[in-house]
Amino acid sequence: MKTFLLLFYFTLVILSCPNTHAQTAGSGTLATIESLAKQENANSERMAKLNRKHMDTYVSEDLKLKRLTQEQMNLQQQTIVNQIQVAQRIENKKHEITTSSSWQNRLKSAQSGYKEYNPGRCSAGGPPPICVANHWYLVSVQEAMAEYNALVQKEFDKITKDLNKYQNALLAKNEELRKFQFEDNEFAQKRDNLNTQMNEIQAENQALRKRIAQLSKKYVALVEEQAKKSQQSLIKDIMYMVAEKNFSELKTVLIDAKFQKLDEEEKLARDNARERLRLQNEKDIKTTKDQINNKKRELINLETALISNNKPIKKELRDLQNERSKIKGELKKTSKYNQQELDSLLVIHKDLDRQINSIKEDLKQRTETFRRQKTLIENEIKILDDEAWQLQINLPQLQNKYVLEIEKAFEAKRQIIRDALEGRKHRTQEFIRLIETKKASFRQKIKSYSNTLEDERLRLMSACKQSGASCWGSDIVSKIWSNANGLISCTSINKYNSVTYQTGECVKAYDYYKTVYNRFVGGISDQDLSTFKKSRYSYKYSDILGNFNAN
């Protein structure tokens, strides 16, 4: 279990370490190139040895030529010496034949017709008594002289044959030297064989160098493809964050545009509030005045009703009073009526008084009720008049109060927007910081890759130099950096950019950026877009939004 945990820990450590690019995608091809370069180098060493052997053949050939020439000269000298010696021997032989007794005897014997059984055997040179042995016999002088001459010639031939011995050796040596010089000798044949081997090696080396050159081109293609894919993968992460940063800046603009909208909304809210309050005030004043008029009409109606209602009562009162006055006048005529009649009139009078008093009390109560109601209505009218006046004079204050509440509410909204704007700006700065961090990480990864690549490039150049091949890849590291720096420059896109990149790698990165950015832009609400278009940034609306979607 502990072993497993340790292995798991070290695995995490290894995975957490940055990629050091131990080798590139072209490392296998490079190994093949190095192997071919070693083979070419081995071939070159073999060819150097063969070439040395080839050159040695000239030395050996020259030595043999000198030896043969010397031998020729030696034979020529020996021939001359031998010729001199043979001539001397011939002269000596002639002298011997001329002066020696043996040859003189032979000549005399031949002239006498004597011939040897075995020519030249007799040392004395003649028959007895010259020689005690019987070596001679008689023949014709002509035959004997022919024998003698043949013996003399034989003696000379013995000497001249030595002359031919050196002459033949010299002719043979001359022929040997001629063939050696002007025909294919063993050294020329050896050189032909060596040349054949060297040509085969040279052809093989040319094929190796051509193959190495082809593989170096393949190596460059593999490395460039790997680097571009890796860089595109890395740059996408940065381009995504650039899109986030630029969209964050756009959101900042959108948030900032809300201030203008808020100002407009606040002004509209204030104006609407004032107008609403004014209209409500007018309505309330009208309602109050209508109430006053209603109260006044009520008062008039009340008074009219009182008069109308009192009119028959007052008529009845007048009638009762007139009746009472008549009764009272009759009561004064005591002489006219008896006591009983007077008492009856008195009862009638009292009843009339009671009725009159009752009616008067009723009228009084009615009047008092009217007065109370009138006072109440008049008080209500006064209150309503005061309300109408207060409504009229308090309208500005009420409007200001409501406007103040609106301003407070909108200030609270502004603070929310300020906080959002500040948060968005902080987020944008954080994006900028992260982008720079990712750029630094991008450069570090490219540096790590280029360090590995530089090691391989040096190996490649060394292999190519050793093999004598014209290789691709001497500028591969600078190309990788050029592509990387070009991609880094692609990240310098702000929210107002509407650019067209020419280089393929930037086009890919920019297309990816547009896809991400348009996706973000597509999430903007219609309300925010409407606010944006109506703001002071409206002239940038098409640049910021339209161009990206059009692209």
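Residues numbered from 1 in each chain as written. Predicted model: local features only at pLDDT ≥ 70, side-chain atom pairs only at ≥ 80, totals over all residues. Heavy atoms only, no water.

## Examining the state of the cysteines
Line of reasoning, step 1. Evaluated as defined, the whole model comprises one disulfide.
Line of reasoning, step 2. In this model Cys-464 forms its disulfide with Cys-471; the gap between the sulfur atoms is 1.9 Å. Residues Cys-464 and Cys-471 are joined by a disulfide whose S-S torsion is about -95°; by sign, that bridge is left-handed.
Line of reasoning, step 3. Its relative accessible area of 4% is what places Cys-464 among the buried residues.
Line of reasoning, step 4. According to the relative accessible area criterion, Cys-471 is partly exposed, its value standing at 21%. (Disulfide = S-S within 2.5 Å. Buried < 20%, exposed > 50% of the residue type's maximum accessible area, 1.4 Å probe, protein only.)

## Re the packing of aromatic side chains
Line of reasoning, step 1. Throughout the structure, instances matching the rule amount to seven aromatic pairs.
Line of reasoning, step 2. Taking 5.9 Å as the distance between ring centres and 85° as the angle between the ring planes, the aromatic pair formed by Phe-180 and Phe-187 counts as edge-to-face. Here the two residues Phe-180 and Phe-187 agree in accessibility, since each one is buried.
Line of reasoning, step 3. The interplanar angle of 80° and the centroid separation of 5.8 Å between the aromatic rings of Tyr-240 and Phe-520 together place this pair among those described as edge-to-face. Taken together, the positions of Tyr-240 in helix 5 (residues 186–331) and Phe-520 in helix 8 (residues 504–522) put the pair 280 residues apart, joining distant regions of the chain.
Line of reasoning, step 4. Over the ring of Trp-103 we find Arg-106, and its NZ or CZ is 5.9 Å from the ring centre.
Line of reasoning, step 5. Directly above the ring of Tyr-58 sits Arg-191, whose terminal nitrogen or CZ lies 3.9 Å from the centroid. (Phe/Tyr/Trp six-rings, centres within 6.5 Å; stacked < 30°, edge-to-face > 60°. Helix = DSSP H or I, 4+ residues; strand = E, 2+ residues; numbered from the N terminus. Lys NZ or Arg CZ within 6 Å of the ring centre and 35° of its normal.)

## Thoughts on the confidence of the model for the protein chain
Line of reasoning, step 1. Counting all residues, the mean pLDDT for the protein chain is 83, and 90% of those residues have values of 70 or more.
Line of reasoning, step 2. Taken element by element, the predicted model of the protein chain shows its lowest mean pLDDT in helix 1 (residues 2–16) (39) and its highest in helix 6 (residues 339–467) (89).
Line of reasoning, step 3. Counted against residues more than four places away or in other chains, residues 1–21, with its pLDDT under 50, gives seven contacts.
Line of reasoning, step 4. Under a pLDDT of 50 for its full length, residues 547–551 has, in the predicted model, 14 contacts with residues more than four places off or in other chains. (pLDDT = per-residue confidence, 0-100. Contact = heavy atoms within 4.5 Å.)

## Digging into the side chain of Arg-414
Line of reasoning, step 1. In this structure, Arg-414 sits in helix 6.
Line of reasoning, step 2. Residue Arg-414 is classed as buried on the basis of its relative accessible area of 10%.
Line of reasoning, step 3. There is a polar contact of 2.7 Å between the side chain of Arg-414 and the side chain of Asp-263. (Polar contact = N/O pair within 3.5 Å; in protein donor to acceptor, adjacent residues only side chain to side chain.)

## Focus: helix 4 (residues 141–182)
Think of an α-helix as 3.6 residues a turn; residues three or four steps apart then line up on the same face.
Line of reasoning, step 1. Spanning 42 residues, helix 4 covers 58 Å between terminal C-alpha atoms, matching the ideal 62 Å at 1.5 Å per step.
Line of reasoning, step 2. Along its length, helix 4 reaches its greatest deviation from straightness, about 25°, at Lys-158.
Line of reasoning, step 3. Inspection of helix 4 places Ala-144, Glu-147, Tyr-148, Leu-151, Val-152, Glu-155, Phe-156, Ile-159, Leu-170, Lys-173, Leu-177 and Phe-180 among the buried residues, and these make up the whole buried set.
Line of reasoning, step 4. The inward-facing, buried residues of helix 4 contact helix 2 (27–99), helix 3 (101–111), strand 1 (114–116) and helix 5. (Expected span 1.5 Å × (residues − 1). Bend = angle between axes of the 7 residues up to and from the residue.)

## Structural notes on the nonpolar core
Line of reasoning, step 1. One finds Tyr-219, Leu-453, Ile-480 and Tyr-513 to be the most contacted residues of the largest nonpolar core, which totals 48 residues.
Line of reasoning, step 2. Elements represented by at least two residues in this core include exactly helix 2, helix 5, helix 6, helix 7 (476–490) and helix 8.
Line of reasoning, step 3. Take this core: its biggest share by element is 16 residues, from helix 5.
Line of reasoning, step 4. Excluding its chain neighbours within four sequence positions, the residues that come into contact with Leu-453 are Thr-24, Tyr-219, Val-223, Ile-476, Val-477 and Ile-480.
Line of reasoning, step 5. Ranked by size, the runner-up nonpolar core spans 12 residues in total, among them Ile-97, Val-139, Ala-144 and Tyr-148. (Core = buried A, V, L, I, M, F, W, Y, C linked by side-chain atoms within 4.5 Å.)

## What about the environment of Lys-296?
Line of reasoning, step 1. With respect to the element layout, Lys-296 can be found in helix 5.
Line of reasoning, step 2. Taking the relative accessible area as the measure of exposure, Lys-296 reaches 42% and is therefore partly exposed.
Line of reasoning, step 3. Taking C-alpha positions, Lys-296 is 9.8 Å from Glu-380, a pair spaced 84 residues apart along the chain.

## A few points about the side chain of Arg-457
Line of reasoning, step 1. Inspection of the secondary structure assignment puts Arg-457 in helix 6.
Line of reasoning, step 2. Arg-457 gets classed as buried once you look at its relative accessible area, which sits at 16%.
Line of reasoning, step 3. Polar contacts involving the side chain of Arg-457 include one to the main-chain carbonyl oxygen of Ser-474, which spans 3.2 Å.

## Structural notes on the pattern of salt bridges
Line of reasoning, step 1. As enumerated under the stated definition, the model contains 42 salt bridges in all.
Line of reasoning, step 2. Of the charged contacts, one joins Lys-245 and Glu-249 as a salt bridge, the two residues approaching to 3.9 Å between their closest N and O atoms. Note that Lys-245 and Glu-249 are positioned in helix 5 at a spacing of four residues, about one turn of the helix. Side by side, Lys-245 and Glu-249 carry an identical accessibility label, which is buried.
Line of reasoning, step 3. Here Lys-439 makes a salt bridge to Glu-436, at a shortest N to O gap of 3.6 Å. (Salt bridge = Lys/Arg side-chain N within 4 Å of Asp/Glu carboxyl O.)

## Digging into helix 3
Line of reasoning, step 1. Burial in helix 3 covers these residues: Ser-102, Trp-103, Asn-105, Arg-106, Ser-109 and Ala-110. Down the axis of helix 3, the buried set is contained in an arc of 155°. They therefore lie on one face. (Arc of directions from axis to C-beta.)

## Looking at the environment of Glu-330
Line of reasoning, step 1. With respect to the helices and strands, Glu-330 occurs in helix 5.
Line of reasoning, step 2. In this structure the C-alpha to C-alpha distance between Glu-330 and Asp-351, which are 21 residues apart in sequence, comes to 15 Å.
Line of reasoning, step 3. The contacts of Glu-330, once residues within four sequence positions are left out, are Lys-336, Tyr-337, Leu-342 and Leu-345.

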